Every structure is written in C-alpha cells, then in structure tokens.
Amino acid sequence: MTDDLIIGGVTIKRGERKRVLLDVAKLYDFTDMNIPIEVIRGKKDGPILFISGAVHGDEINGVEIVRQILSKKALKSIKGTLIAIPIVNVFGFNTKSRYLPDRRDLNRSFPGSSNGSLTAQLAHTFLTEVIQKCTHGIDFHCAAINRINLPQIRAYLDDQVTKDMAEAFRVPVVLHSELRDGSLREATRELGIPTLLFEGGEALRFNGKVIKSGVQGAISVMREIGMLNPAKNKPTQKEVFIARSSHWLRAPHSGILSAKKKIGQRVKKGQVLGIVGDPFGIEKYEIVAKRTGIIIGAATLPLLNRGDAAFHIATFEDAATVEEHVDLYDEKLEKN
Ligand SMILES: [Zn+2]
C-alpha cells in the first residue's frame with residue numbers, strides 16, 4: 001500500500017483532515033452531482049473505516065450520527081483513517097426521497113457500473129473511489145417511510161471480525177443476515193471488508209436516542225478495531241443478543257390498525273399484537289404472533305391494505321432476557 005490516500009483525485013497525507021467533493025455525474029440542469037466526504041488521517045497507521053449515512057436519501061438520522069462523530073475531539077489522536085460520508089445519496093437527500101431521479105434504490109444497485117443508470121454510476125464511483133480503499137465500514141439506516149425500527153445491527157456474523165464489531169457496537173439486538181440484494185453491505189462482503197449496517201428510528205425524523213445509540217456504537221467499534229484507545233470499563237456481562245432469523249407479520253385484511261404492542265417489546269406465540277378493523281368498528285381482524293420474539297420494527301401509519309407489513313419480529317433463544325436488556329439500554333440512552 002502506498003502512503004498516500006487518494007480519493008476523487010485529492011491526496012490526503014498522514015495527519016491531514018480534508019474535505020473532498022467526489023464527482024459522480026453531471027445532471028441535465030448542467031450542475032454537477034458530488035458526494036461530500038471528510039477524510040481524517042491519523043499520523044499512525046491503523047484501519048481505514050468508512051461511516052456512511054443517507055444511502056437512502058430520506059434516512060436522515062445517519063446524517064446526524066456522522067455529523068456528531070465528526071465533532072468528537074478523540075478523532076485528533078486516531079490511528080488509521082476515518083472516511084465520513086454523511087450523505088451518500090445527495091440527490092435523494094435534497095428531494096427527501098429514498099431513491100434517485102431514475103427511481104432506483106441505491107442500496108439495491110451495487111456494485112453498479114460506469115455506463116449504467118445514474119444510480120449505477122453513483123454506486124460504481126462510491127465503491128471504487130471510497131469503499132475499496134477501506135478495511136472496515138458502518139452504514140447508517142432508518143426504517144422506510146411510515147415505519148419505525150428499534151436500534152439494531154444487521155451484519156454477516158459468520159465472519160469473526162464483523163461479529164466482533166457487531167458486539168462492540170453494543171446495541172442489544174443484532175441480526176444475522178446473508179442477504180444478496182445489491183446492497184452496499186453485500187458489495188463489502190464480496191470485497192472482504194467487514195461492515196455493519198445500523199438501523200434505527202424512522203425516515204425524515206431525528207430521534208435523539210437513536211442518534212446517541214449510533215454515535216456511541218461507532219465510537220465503541222473504533223475502539224474495538226484499534227483506531228481509538230480501548231475503553232476503561234468493558235462490559236462484564238453479555239449485552240448483545242443475536243437473532244438468526246426475523247419475519248414480518250402482515251395485515252390479514254385491509255383496514256385501520258390499532259396496535260397493542262410497540263417496538264422493543266416481547267411477544268409470545270399466539271398473542272394478539274394488533275387489530276385491523278373497518279372505520280365503523282364492526283369487522284375486526286387480529287394480527288397474531290406466529291413465534292415468540294421481540295418487535296424490532298413496526299408500521300407507524302396505521303392504514304394497511306391486506307398484506308402490508310405491520311410488525312417485524314426477531315426470534316431469539318431467550319426473548320425475555322433480550323426484552324430486559326432492550327429496556328436497560330433504552331434507560332441508559334435516556335440518562336447520559
Ligand atoms: Zn435504508
């Protein structure tokens with residue numbers, strides 16, 4: 001590896017902190033589409049970590065998480081390099097949309113191509129100019145519009161380094177995922193770059209606890225991989241719980257949802273999570289838990305057609321313990 005790090009034609013030397021505008025494409029209004037990036041290189045060698053937000057343009061919690069991480073004084077003494085991309089999908093961010101103008105989902109378009117659609121070009125440029133130069137990564141997301149997610153990590157946990165990072169992030173709920181869906185996470189897995197996906201909160205809203213959770217988690221991962229000094233007080237008991245599977249419970253009938261349970265709560269097999277009914281209160285249809293688990297995502301808009309997703313349930317060996325830790329974690333975020 002040469003000593004110079006070059007992104008978008010800009011050289012970043014050891015000990016430098018620089019902002020780069022990564023050129024992606026020219027739009028039809030004759031303006032340029034750039035991805036703004038901040039690179040912080042320590043004087044000493046170490047990992048090269050990317051932290052990215054708004055791959056889905058309307059998922060703004062991640063933008064704030066990256067912004068807050070960038071203001072940390074501890075970054076002055078990092079080993080290695082932090083590459084911060086607060087807004088990857090700049091076009092979607094400006095139009096408050098998940099997508100790009102060609103209506104494609106960036107997180108289904110990796111690895112992309114230099115001759116493809118605008119989204120494919122963005123994916124390709126981002127992958128080759130930024131991601132391929134990294135050794136580790138964290139990508140911040142929220143639930144899609146009209147849904148909310150419990151803070152959680154999704155990652156390919158059969159890789160030990162990824163698993164260590166997931167545990168270091170210290171959100172109680174971690175989901176193992178083997179998706180092959182054109183996502184940034186899949187692209188990094190192909191490249192052998194251990195990457196976490198953080199999920200929490202909802203699109204187009206800030207959520208203080210989710211933001212705090214993301215910032216603390218990322219800093220903790222930076223300690224784990226040796227970019228920052230190790231924490232003084234490491235956890236003595238198990239705090240992180242891995243779900244190997246999750247499933248959605250969908251509306252059995254079109255109607256208006258009256259939810260009985262919310263994210264973070266445990267549900268037992270056979271329990272009623274909500275009732276979908278007509279506007280007159282006559283016909284009622286129950287949404288019943290198929291398995292015991294924890295609600296990690298839920299609809300916030302209570303207007304559902306038959307088949308619409310209502311509750312996302314993750315299953316664990318011991319859901320009661322997980323529920324307890326989700327509560328404790330939530331209290332901790334409230335306090336400090
Ligand atoms: Zn997303």
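These lines cover the structure that appears in this document, whether it is placed above or below. (Residues numbered from 1 in each chain as written. Predicted model: local features only at pLDDT ≥ 70, side-chain atom pairs only at ≥ 80, totals over all residues. Heavy atoms only, no water.)

So, the overall build of the chain
Next up, step 1: Each helix and strand counted, the chain has 7 helices and 19 strands in total.
Next up, step 2: Relative to its length of 336 residues, the chain is compact, with a C-alpha radius of gyration of 21 Å against a globular reference of 20 Å.
Next up, step 3: Viewed in the frame of its principal axes, the chain has a C-alpha envelope of about 70 × 55 × 35 Å.
Next up, step 4: Looking at the chain as a whole, 51% of its 336 residues qualify as buried.
Next up, step 5: Restricting the contact set of the chain to residue pairs at least 6 apart, pairs at least 24 apart contribute 70%.
Next up, step 6: Roughly 16100 Å² of accessible area belongs to the chain as shown, and the carbon and sulfur atoms make up 49% of that amount.
Next up, step 7: The chain carries 48 positive and 39 negative side-chain charges, and their two centres are separated by 4 Å. (Helix = DSSP H or I, 4+ residues; strand = E, 2+ residues; numbered from the N terminus. Rg over C-alpha atoms; globule rule 2.2 N^0.38 Å. Buried < 20%, exposed > 50% of the residue type's maximum accessible area, 1.4 Å probe, protein only. Contact = heavy atoms within 4.5 Å. Areas by Shrake-Rupley, 256 points an atom, 1.4 Å probe, with all protein chains shown as cover. Lys, Arg positive; Asp, Glu negative; His and termini not counted. Charge placed at Lys NZ, Arg CZ, Asp CG, Glu CD.)

Quick notes on the pairing of strand β4 (residues 32–41)
Next up, step 1: Summarising burial for β4: 7 of the 10 residues are buried, a large majority.
Next up, step 2: Where strand β3 (residues 17–26) lies against β4, 9 bridges are found, and the strand directions are antiparallel. What sits directly across from arginine 19, in β4, is glutamate 38.
Next up, step 3: Counting the residues between successive antiparallel strands, the hairpin from β3 to β4 contains 5 residues, one of them, phenylalanine 30, with a positive phi of roughly 75 degrees.
Next up, step 4: As paired elements, β4 and strand β6 (residues 79–85) share 4 bridges and run antiparallel to each other. Its bridge partner being in β6, arginine 41 is matched across the sheet by threonine 81. (Pairing = 2+ DSSP bridges.)

Let's talk about the environment of glycine 137
Next up, step 1: Tracing the sequence through the fold places glycine 137 in strand β7 (residues 136–143).
Next up, step 2: Measuring from C-alpha to C-alpha, the distance between glycine 137 and isoleucine 48 comes to 8.3 Å, with 89 residues separating the pair along the chain.
Next up, step 3: Other than its neighbours up to four places away in sequence, glycine 137 contacts Leu49, Phe50, Met165, Ile193, Pro194, Thr195 and Leu196.

Things to note about the nonpolar core
Next up, step 1: Grouped together as the largest cluster of nonpolar side chains are 37 residues, with contacts concentrated most on Leu82 and Phe140.
Next up, step 2: The element that contributes the greatest number of residues to this core is helix α6 (residues 208–224), accounting for 7 residues.
Next up, step 3: Residues Val20, Leu22, Ile48 and Phe126 belong to the second largest nonpolar core, which totals 36 residues. (Core = buried A, V, L, I, M, F, W, Y, C linked by side-chain atoms within 4.5 Å.)

Some remarks on the packing of α6 against helix α7 (residues 319–335)
For any two helices packed against each other, one specifies the inter-axial angle together with the distance between the axes.
Next up, step 1: Running from amino to carboxyl end, α6 crosses α7 at an angle of 95 degrees, the nearest separation of the two axes being 10 Å. It follows that α6 is roughly perpendicular to α7 by the angle criterion. Side by side, α6 and α7 meet where Lys209, Lys212, Ser213 and Gln216 of the first sit next to Tyr329, Asp330, Leu333 and Glu334 of the second. (Axes fitted to C-alpha atoms, helices over the stretch in contact; angles between N-to-C directions. Parallel < 35°, antiparallel > 145°, perpendicular 65-115°, else oblique.)

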